[in-house]
Amino acid sequence: MPVQPLPFQPLKPVDLILLLALAEGDRHGYALSQEVERRTEGAVRLEAGNLYRTLRRLLGEGLVDEAGRRPTGEEDERRNYFRITSLGLRAAQAEVRRLRALLASPSVRALGQRVEPS
């Protein structure tokens, strides 16, 4: 029986990148923007406004939450830390499965073998 998709799938690429970063641990906004840039090799740069707008949406969808505790050694009260929720983790896992299935499809394999005409 096929798995029922979550209501917000497919995830937007930036949502998936943020969820994957948060799956590795709680982070504050600036660290998340740096991680997005690193993971995309500079192709995606999130300015503060876009980052926090996206995080607010993910908070509203229940995919992320504000972290109640700060990592050890972090005392800057101005920073808001975020964590992935169990729903966010399930959504990221489902999206990764969806992308793997897509990439394993015969049409994608055929595309990879196609030779461009000269």
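Novice: Before we go on, may I ask you to explain unusual backbone geometry in this structure?
Specialist: Note on backbone geometry: most residues besides glycine have negative phi, and most peptide bonds are trans. A positive phi angle, near 55 degrees, is found at E41, a position not held by glycine. Among the secondary structure elements, E41 is positioned in the loop between α2 (29–39) and α3 (48–60).

Novice: Help me understand the sheet that holds strand β2 (residues 64–66), please; the structure alone is not making it clear to me.
Specialist: Consider a sheet: its strands pair through backbone hydrogen bonds, and that pairing is either parallel or antiparallel. Taken in spatial order, the 3 strands make up an open sheet running β1-β3-β2, and their pairing is antiparallel. With partners counted over all chains shown, the strands left at the sheet margins are β1 (27–28) and β2, one partner each. Sheet topology note: the β1/strand β3 (residues 81–84) ladder contains 2 bridges and is antiparallel. Each residue of the ladder has a partner; that of H28, found in β3, is Y81.

Novice: I would appreciate a short explanation of the side chain of S105 in the present structure.
Specialist: Checked against the element boundaries, S105 lands in the loop between α4 (86–103) and α5 (106–113). A polar atom in the side chain of S105 sits 2.8 Å from the backbone oxygen of L102.

Novice: How do you make sense of the packing of aromatic side chains when you look at a structure like this?
Specialist: Aromatic ring pairs are described here by two measures, namely the spacing of the ring centres and the angle between the planes. All told, the structure shown has 1 aromatic pair when counted by the stated rule. Judged by centre distance (6.4 Å) and plane angle (55 degrees), the rings of Y52 and F82 are tilted. Taken as a pair, Y52 in helix α3 and F82 in strand β3 lie far apart in primary sequence, 30 residues in all. Taking relative accessible area as the criterion, Y52 reaches 29% and is therefore assigned partly exposed. Exposure remark for F82: the relative accessible area of 3% places this residue in the buried category.

How each quantity is defined
- Residues numbered from 1 in each chain as written.
- Predicted model: local features only at pLDDT ≥ 70, side-chain atom pairs only at ≥ 80, totals over all residues.
- Heavy atoms only, no water.
- Helix = DSSP H or I, 4+ residues; strand = E, 2+ residues; numbered from the N terminus.
- Pairing = 2+ DSSP bridges.
- Polar contact = N/O pair within 3.5 Å; in protein donor to acceptor, adjacent residues only side chain to side chain.
- Phe/Tyr/Trp six-rings, centres within 6.5 Å; stacked < 30°, edge-to-face > 60°.
- Buried < 20%, exposed > 50% of the residue type's maximum accessible area, 1.4 Å probe, protein only.

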